[in-house]
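What follows is each chain in one-letter form.
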Amino acid sequence: MWSGTPLQLKMVYPKPGYIVAWNHYRDGFPTVMGHCGIVKEVLQENEIITIEGNTSASSGIDREGGGIFEKIRILKPENDMRLLGFIDPFGL
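What counts, and where the lines are drawn
- Residues numbered from 1 in each chain as written.
- Predicted model: local features only at pLDDT ≥ 70, side-chain atom pairs only at ≥ 80, totals over all residues.
- Heavy atoms only, no water.
- Phe/Tyr/Trp six-rings, centres within 6.5 Å; stacked < 30°, edge-to-face > 60°.
- Lys NZ or Arg CZ within 6 Å of the ring centre and 35° of its normal.
- Patch = residues over 30% accessible without salt bridge, like charges linked within 9 Å, V, L, I, M, F, W, Y side chains within 5 Å.
- Areas by Shrake-Rupley, 256 points an atom, 1.4 Å probe, with all protein chains shown as cover.
- Salt bridge = Lys/Arg side-chain N within 4 Å of Asp/Glu carboxyl O.
- Helix = DSSP H or I, 4+ residues; strand = E, 2+ residues; numbered from the N terminus.
- Buried < 20%, exposed > 50% of the residue type's maximum accessible area, 1.4 Å probe, protein only.
- Pairing = 2+ DSSP bridges.
- Contact = heavy atoms within 4.5 Å.

1. Some details on the packing of aromatic side chains
Here a ring pair, both rings aromatic, is described through the centre-centre distance and the interplanar angle of the planes. The final tally for this structure, using the stated rule, is zero aromatic pairs. A cation over an aromatic ring shows up here: R73 above the ring of W22, its NZ or CZ 5.5 Å from the ring centre. When the ring centre of Y25 is taken as origin, the NZ or CZ atom of R82, which lies over that ring, is 3.9 Å away.

Structure below.
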């Protein structure tokens, strides 16, 4: 998703409605796996509320979750997931 997104739609800062994209890393190297969600609200400079699928109600990254949940995310590397950025789906 991220690599196929036009550059003009890739954003550095979150806004409600943007898609947030993460990349999964293994042994310090990026993989082809990732995760995404929709930004619901920006709380602080480095903290957002998202709506995400394939996750759980837990506070961490759960790649095998079975539902759609609202999450509070801190925009720094978390475990083996690293923020790629944000996509403005309305920018076309």
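2. Section: a nonpolar patch on the surface
On the surface, I38, I51 and I68 cluster together into a nonpolar patch covering about 280 Å² of accessible area. Looking at the secondary structure, you find I51 in strand β4 (residues 47-55).

3. Considerations on the environment of K76
Mapping K76 onto the fold places it in the loop between β5 (67-74) and β6 (81-87). Taking the relative accessible area as the measure of exposure, K76 reaches 52% and is therefore exposed. Taking C-alpha positions, K76 is 9.0 Å from E47, a pair spaced 29 residues apart along the chain.

4. A word on the pairing of β4
Both strand β3 (residues 29-44) and β4 contribute to a ladder of five bridges, which runs antiparallel. Residue pairing for β4: I38 is matched across the bridge by I51. Strand direction decides the pairing type here: β4 and β5, joined by seven bridges, are antiparallel. Considered in β5, the bridge of I48 is made with R73.

5. A look at the environment of V42
Relative to the helices and strands, V42 resides in strand β3. A residue is classified by how much of its surface remains accessible, and V42, at 33% relative accessible area, is partly exposed. Along the sequence, V42 and P6 sit 36 residues apart, while their C-alpha atoms lie 24 Å from each other. Setting aside chain neighbours within four positions, we find V42 in contact with P14, K15, P16, E47 and I48.

6. Quick word on the pattern of salt bridges
Under the definition given, this model contains two salt bridges. Of the charged contacts in the structure, one is a salt bridge between E70 and K40, with a shortest N-O distance of 2.6 Å. With a gap of 30 residues between them, E70 in strand β5 and K40 in strand β3 connect regions that are remote in the sequence. Residue K40 is classed as partly exposed on the basis of its relative accessible area of 43%. A salt bridge links R73 to E52; the nearest nitrogen and oxygen atoms lie 2.8 Å apart. Of the two residues, R73 is situated in strand β5 and E52 in strand β4; the sequence distance between them amounts to 21 residues. For the residue pair R73 and E52, the accessibility class agrees, reading buried in each case.

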